Structure formats: structure tokens, C-alpha cells
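Descriptive structure summary
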Amino acid sequence: MTAPITSGPTAPSVSLDLGGRTALVTGAAGGIGHACVLRLAAAGAKVRAVDRDAEGLAALVEQADGLAGAVEARVLDLTDLDAAEAVAAGADILVNNAGLQLVRPIEEFPPDVFHTVLTVMLEAPFRLIRGALPHMYAQGWGRIVNISSVHGLRASPYKSAYVAAKHGLEGLSKTAALEGAPHGVTSVCVNPGYVRTPLVEKQIADQAAAHSLPEERVLTEVLLKDSAIKRLIETDEVAEAVLYLCSPQAAFITGTSLALDGGWTAH
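Here's a quick rundown of the structure. Please read these numbers as outputs of a predicted model, since none were measured by experiment.

1. Quick word on helix α5 (residues 160-180)
Between its first and last C-alpha atoms α5 spans 30 Å; for 21 residues at 1.5 Å apiece the expected length is 30 Å, and the two agree. Those residues of α5 that sit buried are A161, Y162, V163, A165, K166, L169, E170, L172, S173, A176, A177 and G180. Buried residues in α5 make contact with α4 (111-139), β5 (142-147), β6 (185-192) and β7 (257-260).

2. Digging into the environment of R217
Within the element layout of this structure, R217 appears in helix α7 (residues 215-223). With 13 residues separating them in the primary sequence, R217 and I204 have C-alpha atoms 9.3 Å apart.

3. Side note on the pattern of salt bridges
For the structure on display, the rule yields ten salt bridges. K225 is paired through a salt bridge with D226; the nearest N and O atoms lie 3.3 Å apart. You can call D226 partly exposed: its relative accessible area is 26%. Shared partners join several salt bridges into a network, and the residues in it are D82, E85, R127 and R130.

4. Section: the pairing of β6
It is a general feature of regular strands that their side chains alternate between the two faces of the sheet. With respect to burial, β6 is a largely interior element, eight of its eight residues being buried. Where β5 and β6 come together, six bridges link them in parallel fashion. Within the sheet, the bridge partner assigned to G142 lies in β6 and is V185. Between the parallel pair β5 and β6, the chain is carried across by α5, and the sense of this crossover is right-handed. Examined bridge by bridge, β6 and β7 share four bridges and lie parallel to one another. Paired with C189 across the strands is S257, a residue of β7.

5. Quick word on the sheet that holds β5
One open sheet holds the seven strands; their spatial order is β3-β2-β1-β4-β5-β6-β7, and the pairing between them is parallel. Here the strands that pair on one side only, and so sit at the sheet edges, are β3 (70-75) and β7. Across this sheet, the average inter-strand angle for adjacent strands is 15 degrees, counted without regard to direction. The sheet contact formed by strand β1 (residues 22-26) and strand β4 (residues 93-96) spans three bridges and is parallel.

Thresholds, definitions, all that
Residues numbered from 1 in each chain as written. Predicted model: local features only at pLDDT ≥ 70, side-chain atom pairs only at ≥ 80, totals over all residues. Heavy atoms only, no water. Helix = DSSP H or I, 4+ residues; strand = E, 2+ residues; numbered from the N terminus. Expected span 1.5 Å × (residues − 1). Buried < 20%, exposed > 50% of the residue type's maximum accessible area, 1.4 Å probe, protein only. Contact = heavy atoms within 4.5 Å. Salt bridge = Lys/Arg side-chain N within 4 Å of Asp/Glu carboxyl O. Pairing = 2+ DSSP bridges. Right-handed = clockwise from strand over helix to strand, strands pointing away. Axes fitted to C-alpha atoms, helices over the stretch in contact; angles between N-to-C directions.

In C-alpha cells form, the structure reads like this:
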């Protein structure tokens, strides 16, 4: 005998309750990091919001007032690698998001900026993961979500440091996944295309100069040229993907890359 079909609302199949979990998000004062902090806190997590922008963090804490979880501001420059490793101790969830960008041909790219980009976007995530893993391993559960980019899967001209850092982050994430699997720890990259953030908005002028185009043509002819969906992705959309990867239903998703690229990598 088959079960009767019932009507009416049903409980959601994905648990979004992160009560009792501690999350750490870097680059938290703006853009994707800001959205991730608010979404994780809304799901009940206690979130350490890490950024060097003290004013931005203060505004974020104020905005998070009243959410199910709590937000704690940690003012930190991720080029201080020892401090980065220390701040990750005790985190159940780690979201490596902080980043910076400079658009220049390789022969004109300042070596000091290349070094800084690799430090913040690759070496700091390594140190943060290193700091978080002992606690995750001890409890048999952990989530590492690395905010990579479509540029972790594809290259573009004039972005040598950013592309190098994101490709390195992909490899680091896969290694963490293989090592973490026996301990209940997953590691995944999230790969957005161009997101509506100050970082992308700043790029428009740089790209206009690099490609000798008016700024109004950069969005359609450069940034979104390879995207099937001709719009920027919103920070809230990325944050929802991050939240899902922290859910119990995502326990089998590890060592991979989740492309939120509007069809860019379908080419």
C-alpha cells in the first residue's frame, strides 16, 4: 500500500542551523565577506569577522545586531601570517575570502604587489587552515570554504598575481580535502564570476586602460564577454552557496570547485 499524498507546507530538507558553531570569515568588512558573515550569523553561528578595515567591521557588527548568531570583529592585516594562523584557532568553519587585485601587463606588474597578492590570497589561507585544523580534527568535523574565482579555473590577461594566487588556492583546497577527509573535514572552492563588489568596480577603470576601451564598454566586452548570463553575480548569491556547503547535506562535497560563473567555464 502506498503512502497517501498530503498537501500543505513541508519542512525544508536542508538544515541551515549553525547554532553552536564558530565561523571565521576573512575580508569581512565588504563584498562577499560581508554577505557571508551576515548569512552565517543569521543561521546561528558565532562569526569572527576578520579584516584590516576597523570602521567597516564596526558597521558590520552593528548591522548584525539582532541576528540569531553573533559577530565579533577582529582587526587584522593578513600579511601578519603568525597572527592569521593564531586567529583561526578553534574555528569550526573557515571562509578564506580576503583578496586584492591589480590589472597590469606582466612586464609592468610591480613585484612588491605580486608578493603582497600571493601573501594575502595564498599564504594567509594556508596559515589560517593550519591554525584551524587541530580543532576541526579533534572534534571530527570542519568546513573550509575557499572563495576562489573563475580565475582559479581560467586565466585572463593582465592579472598574473590574481590568477596565480587563485590557481594556487585551488591546489591548496584539494590537498586540505584529501588530508581532512578521514577527520570529517571538507574543503571546497567557490568560484564566482564577476561579483558586484568594490573590487570589481575598481577594476573597470583599470581594464579600460589596459584594453584601450571606454569604461562603459568594459562590462559587456571584457568582464562579461565569456559569461552566458550577462550580469554580475550578487554577493548574497555567493553567501547562499557558502552556507549550503556548511550544511550536513554537503558532507560529501569536498576537493572540488563550485563554479558560480554564469556559464563562463562551459566554453
